Each structure stands twice: as C-alpha cells, then as structure tokens.
Amino acid sequence: VQLQASGGGLVQAGGSLRLSCAASGGTFRDYSLAWFRQAPGKEREFAAAIRRSGGSTYYADSVKGRFTISRDNAKNTVYLQMSGLTSDDTAVYYCAASSRVILSNLGNPSAYAFWGQGTQVTVSS
C-alpha cells in the first residue's frame, strides 16, 4: 500500500491543524494505521493509532486529549486532528500502515511496513 501524507504547515501556538493520509494500492480496511512524529535530533515517536477492526484508537500521553485520529474507509484516508498545539509538537509527521500489528505493538515503528513521506508541522510560539 502507498501512503501520501498532507496537511502540514505553520501554525501559532494554541492553534489547530488537520493532517490527512491517503492510501492506495491495498484494501484500506485491512490495515491498522498510525501517526508518528520526529523532531530534529530526536527519535521517531508514536502519536496515535487506529485499529483495522473496530476502529479502536490509542494515543501517546503527550497528545491525549488534544489529538484525534480517525479513518474514512470509503475515502481510504486516515486523519489526525490536532488542537492546542505547542512548540513541542513541531516535527515531521508520518503516517504508517500495517496489516499485522498487534495491540501491544501499536506504538512501535518497526511494526509498520508501510510509510508515507512525512509532512512538516511547525508551531510558532
């Protein structure tokens, strides 16, 4: 499956942004999807995930209550709605997909076989 992320940009602290990730080349509903992010000089870190069956969602503590992940299987797209943004949220955001990831491994980048190209989110204070 191929993933194409979009929606990044420059936003002021406290603002909102919605990222999108469009998938092609696979059966979208068969994949669990996640958003990771990577700030300069830091390792890639988990932000949010949504499972393929049932659509259960999971969040890193750092974004819980501010970010919402959702999916539209009819449009083959996963979204990340971000609000209450701070400078700590500045990073390149990547979407990822896996048809095999298990619940205990949702936050592990190595569990995802497919990745989008990343979209830059910059929060100005």
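Before reading on, note that the structure itself is shown above.
Reading the values: the criteria
Residues numbered from 1 in each chain as written. Predicted model: local features only at pLDDT ≥ 70, side-chain atom pairs only at ≥ 80, totals over all residues. Heavy atoms only, no water. Salt bridge = Lys/Arg side-chain N within 4 Å of Asp/Glu carboxyl O. Helix = DSSP H or I, 4+ residues; strand = E, 2+ residues; numbered from the N terminus. Buried < 20%, exposed > 50% of the residue type's maximum accessible area, 1.4 Å probe, protein only. Lys, Arg positive; Asp, Glu negative; His and termini not counted. Polar contact = N/O pair within 3.5 Å; in protein donor to acceptor, adjacent residues only side chain to side chain. Contact = heavy atoms within 4.5 Å.

A. Seen up close, the pattern of salt bridges. Here the structure, examined in full by the defined rule, presents four salt bridges. Of the charged contacts, one joins Arg 37 and Glu 45 as a salt bridge, the two residues approaching to 2.6 Å between their closest N and O atoms. The structure contains a network of salt bridges with shared partners spanning Arg 37, Glu 45, Arg 66 and Asp 89.

B. Structural view of the side chain of Arg 71. Checked against the element boundaries, Arg 71 lands in strand E7 (residues 67–72). Here Arg 71 is buried and forms no salt bridge, its nearest opposite-charge partner Asp 30 lying at an N-O distance of 7.8 Å. A distance of 2.8 Å separates a polar side-chain atom of Arg 71 from the backbone oxygen of Tyr 31. Not counting the four nearest positions on each side in its chain, Arg 71 is found in contact with Phe 28, Arg 29, Tyr 31, Ser 32, Leu 33, Ile 50, Arg 51, Arg 52, Thr 77 and Val 78.

These figures come from the coordinates and say nothing about function on their own.
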